[in-house]
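# Structural characterization, general
So you can see what is in the structure, the chains are spelled out below.
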Amino acid sequence: MTEEIFETINSLTFGVWFLIGAALVFWMQAGFAMVEAGFTRAKNTGNILMKNLMDFCIGTCVFIPIGFGLLLGEDLMGFIGKPGFDIFTNYASFDWSNFVFNLVFCATTATIVSGAMAERTKFLSYCVYSAVISALIYPIEAHWIWGGGWLSQMGFHDFAGSTAIHMVGGVSALIGAYLLGPRIGKFVKDKAGKIVKVNAFPGHNLPLGCLGCFILWFGWYGFNGAAATSIEQLGSIFLTTTVAPAVATVVCMIFTWIKYGKPDVSMCLNASLAGLVAITAPCDVTDCFGAIVIGAVAGVLVVFGVWLLDYVLRVDDPVGAVAVHCMNGIWGTIAVGLFATTSAPGNDSVVGLFYGGGFTQLGIQLTGMVAVIAWTAVTITITFLAIKAIFGLRVTEEEEIVGLDTMEHGLPSAYSGFSIQDISMAMESVNENTDLGQTEYSAASKLQVDKAVPVVAQSGDIDANGVPIFNTGMHKITIIVKLARFDILKKALNDLGVTGMTVTQVMGCGIQKGAGEFYRGVEMDATLLPKVKVEVIVSKIPVETVIEAAKKALYTGHIGDGKIFVYNVLKVVKVRTGEEDYDALQDVE
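Here is what the cut-offs are and how they apply
Residues numbered from 1 in each chain as written. Predicted model: local features only at pLDDT ≥ 70, side-chain atom pairs only at ≥ 80, totals over all residues. Heavy atoms only, no water. Pairing = 2+ DSSP bridges. Helix = DSSP H or I, 4+ residues; strand = E, 2+ residues; numbered from the N terminus. Axes fitted to C-alpha atoms, helices over the stretch in contact; angles between N-to-C directions. Contact = heavy atoms within 4.5 Å. Patch = residues over 30% accessible without salt bridge, like charges linked within 9 Å, V, L, I, M, F, W, Y side chains within 5 Å. Areas by Shrake-Rupley, 256 points an atom, 1.4 Å probe, with all protein chains shown as cover. Salt bridge = Lys/Arg side-chain N within 4 Å of Asp/Glu carboxyl O. Buried < 20%, exposed > 50% of the residue type's maximum accessible area, 1.4 Å probe, protein only. Lys, Arg positive; Asp, Glu negative; His and termini not counted. Phe/Tyr/Trp six-rings, centres within 6.5 Å; stacked < 30°, edge-to-face > 60°. Lys NZ or Arg CZ within 6 Å of the ring centre and 35° of its normal. Parallel < 35°, antiparallel > 145°, perpendicular 65-115°, else oblique. Left-handed = near helix turned anticlockwise from the far one by under 90°. Nonpolar A, V, L, I, M, F, W, Y, C, P; charged D, E, K, R; others polar. Polar contact = N/O pair within 3.5 Å; in protein donor to acceptor, adjacent residues only side chain to side chain.

With that settled, the discussion passes to the sheet that holds strand E10 (residues 562–568). The strand order E6-E9-E5-E10 describes an open sheet built from 4 strands, whose pairing is antiparallel. Looking at strand neighbours, the two that pair on one side only are strand E6 (502–508) and E10, the edges of this open sheet. Between one strand axis and the next, the sheet turns through 20° on average, direction left out of account. Bridge count for strand E5 (residues 475–482) against strand E9 (residues 529–538) is 8 bridges, and the pairing is antiparallel. In the strand pairing of E9, valine 481 is matched with valine 532. Packing of helix H17 (residues 486–496) onto the sheet brings it into contact with E5, E6 and E9, and relative to E9 it is tilted by some 10°. With respect to the sheet, helix H18 (residues 543–554) is in contact with E5, E9 and E10, its orientation differing from that of E5 by roughly 0°.

As structure tokens, this is what we get:
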């Protein structure tokens, strides 16, 4: 009787823990949202939050009628589960806990893809491919592994999803990012079209990204541990789930310190997640030593993965999703065949190569890995190509430059009340309403140039008191420039010898005012467009030379390319040295 009571208590305890684990995995959605938002630019934050919310909500809607049956329905020839509607027809005896548990895992697969395709994907297209992943792609391959399908019958081991979730999400992310193309300005090409430079787009909020990393690590204890069946097994899983990411982060810190001269913050955050992904498949069958080695490899592999995408594959992945999930999902799958040991509690059969098991388990793991990659690659490629043909995958150039918050959601900023803007090397698309008919500065007439980049004051002008504008020999030149032309202007001024400038991010609009947007059904004022105000003081360099260089840098053949103001400066004092006027300006020219 006592033994039966303990068995009942144990069953109830792990039943509750199973649901708590599911809740922890759901909480990981917040972590993914924070990491992705923090690692990208501020102008797309609202779009990213919306996507991370909707992939779970849309996933739920399609998992109810389609995904759950394909995943855990009666096995049909080892390939799919038999679709069913027991959730509607036989709710009283339905397996509610298992449904919720598998649903939150399904949503994780879809959210991985959004990070690699961030900042340039149509929101509608995202919703469609997220639904396809949750309804078909993930449930079918997960059935092979966890639903009694052919891989589980073969002996393939993936305890919590290095293969079924992370590798599938990572492969989908890689193919999606490749088909989508890089963000504007990510890769610089020469006249022959060869990529000569890779530009970095720093994340706008690393504290947010770090918070997301810690949320994910915390949630991973449920991700890996929820399916444990004993206290001993749960304790071992918690140990390996702690050791692997910790070692991965330390190894990454040392590696980037040596390679780049300083420890890289964002890469170390990626490394923590890489270690977690790598330990997900073998977390229940490996020991502490295995977790250390698995984590160490993951710490180097994530750095290699980021480099490989940037400099070899030329695929733009804003958050490192492919390096973290695809490459370390593959590594975690292989690691089962190398480091599995029967000394791990609850493991009586899976033994890896380095623990005397030979190549048997490794061969099974490689077979499963190749099969799942092939399934994912074919199905997600068909999905993306179909979406591209029907809806289009990518937003327009203008939408990408302005930001998806404004263009896709009518949200002026995710940080209302804060002055946060993005400056990039992005090139703006042609605006038909302001086209002057000539895009090349060298071929444009004086009238076209003056219309595109008007100068408010010229050398012969007289101020309100009748004093010539340029009589002091010192002049302040203020240039209003589009975000997309700022770096070109800065280089042009530096080439002239102007090294000192004051740069202010401002908002404004000319003859093309932004369209009014709605927030909670209330129409807002006309949207102001982000601009940059550049101020320089010159004395030795002729004003006309600066004006000419600025016009050439700003000109694209459209009204609103920029505006130049020239002011007379009566007095300049350098506080540090006491130098005045001409002498005070010599170190900024």
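On we go.
Turning to a nonpolar patch on the surface, a few remarks are in order. Taken together, the side chains of Val250, Met253, Ile254, Trp257 and Ile258 define a hydrophobic patch exposed on the protein surface, amounting to about 500 Å² of accessible area. With respect to the element layout, isoleucine 254 can be found in helix H9 (residues 231–260). Classification of isoleucine 254 as partly exposed rests on a relative accessible area of 44%.

It is worth spelling out the side chain of glutamate 399 at this point. Looking at the secondary structure, you find glutamate 399 in helix H14 (residues 397–402). Summary of buried charges: glutamate 399 has no salt-bridge partner, and the nearest side chain of opposite charge, lysine 122, is 6.6 Å away. Other than its neighbours up to four places away in sequence, glutamate 399 contacts Leu404 and Met407.

Structurally, the position occupied by alanine 550 is in helix H18. C-alpha separation for the pair alanine 550 and isoleucine 564, spaced 14 residues apart in sequence, amounts to 8.2 Å. The contact partners of alanine 550, leaving out residues within four places of it in the chain, are Ile479, Leu489 and Ile564.

With that settled, consider the packing of aromatic side chains. The tally for this structure, following the rule as stated, stands at 24 aromatic pairs. Ring centres 5.3 Å apart and planes at 70° place the aromatic pair phenylalanine 339 and phenylalanine 354 in the edge-to-face group. One end of the pair, phenylalanine 339, is in helix H12 (residues 321–339); the other, phenylalanine 354, is in the loop between H12 and helix H13 (360–390), with 15 residues separating them in the sequence. Given the relative accessible area of 51%, phenylalanine 354 is considered exposed. Ring pairing ties together the aromatic residues Phe18, Phe101, Phe105, Trp146, Trp220 and Phe223, which thus form one cluster. Sitting over the ring of phenylalanine 201, arginine 41 keeps its end group 4.4 Å from the ring centre. The aromatic ring of tyrosine 126 is capped on one face by lysine 51, whose charged end is 5.3 Å from the ring centroid.

This part takes up the pattern of salt bridges. Under the definition given, this model contains 9 salt bridges. Here lysine 482 and aspartate 561 are joined by a salt bridge, their closest N and O atoms 3.7 Å apart. Taken as a pair, lysine 482 in strand E5 and aspartate 561 in the loop between H18 and E10 lie far apart in primary sequence, 79 residues in all. Note that lysine 490 and aspartate 487 form a salt bridge whose closest N and O atoms lie 3.6 Å from each other.

Turning to the environment of asparagine 205, a few remarks are in order. By the element assignment, asparagine 205 lies in the loop between strand E4 (195–198) and helix H8 (206–225). It is 4.4 Å that separates the C-alpha atoms of asparagine 205 and glycine 38, two residues lying 167 residues apart in sequence. Each residue touching asparagine 205, except ones within four places of it in the same chain, is listed here: Gly38 and Tyr415.

Moving on, we come to the pairing of E5. For E5, the buried fraction is high: 6 of the 8 residues fall into the buried class. Pairing of E5 with E10 involves 7 bridges; the strand directions are antiparallel. By the bridge assignment for E10, isoleucine 479 is matched with isoleucine 564.

As a further point, take unusual backbone geometry. Residues other than glycine seldom take positive phi values, yet methionine 77 does so here, at roughly 60°. For methionine 77, the location among the structural elements is in the loop between strand E1 (75–76) and strand E2 (80–81). Backbone geometry places arginine 314, a non-glycine residue, at a positive phi of 60°. You can see arginine 314 is positioned in the loop between helix H11 (288–313) and H12. On the basis of relative accessibility, which here comes to 28%, the residue arginine 314 falls in the partly exposed class.

Contact geometry for H12 and H13: axes closest at 7 Å, N-to-C directions at 160°. It follows that H12 is roughly antiparallel to H13 by the angle criterion. Crossing of H12 against H13: the hand is right-handed. Contact residues: H12 offers Ile330, Thr333, Ile334, Val336, Gly337 and Leu338, while H13 offers Gln361, Leu362, Gln365, Leu366, Met369 and Ile373. Among the residues forming the contact of H12 with H13, the class breakdown is 8 nonpolar, 4 polar and no charged.

All right, on to the side chain of aspartate 561 then. The class for aspartate 561 is buried, based on a relative accessible area of 1%. Engagement of the side chain of aspartate 561 in a polar contact is seen with the side chain of threonine 556, the distance being 2.6 Å. In this structure the side chain of aspartate 561 is engaged in a polar contact, spanning 3.1 Å, whose partner is the backbone nitrogen of glycine 557. Beyond its immediate sequence surroundings of up to four residues, aspartate 561 is in contact with Ala452, Val453, Ile480, Lys482, Leu554, Tyr555 and Thr556.

Moving on, we get to the packing of helix H7 (residues 162–180) against H12. At a minimum axis separation of 8 Å, H7 and H12 run at an interaxial angle of 140°. In this view, H7 runs oblique relative to H12, as classed from their interaxial angle. Here H7 and H12 pass one another in a crossing that is left-handed. Across the interface between the two elements, Ser162, Thr163, His166, Met167, Gly170, Val171, Ala173 and Leu174 from H7 touch Val322, His325, Cys326, Gly329, Ile330, Gly332 and Thr333 from H12. In the contact of H7 with H12, the residues fall into 7 nonpolar, 8 polar and no charged.

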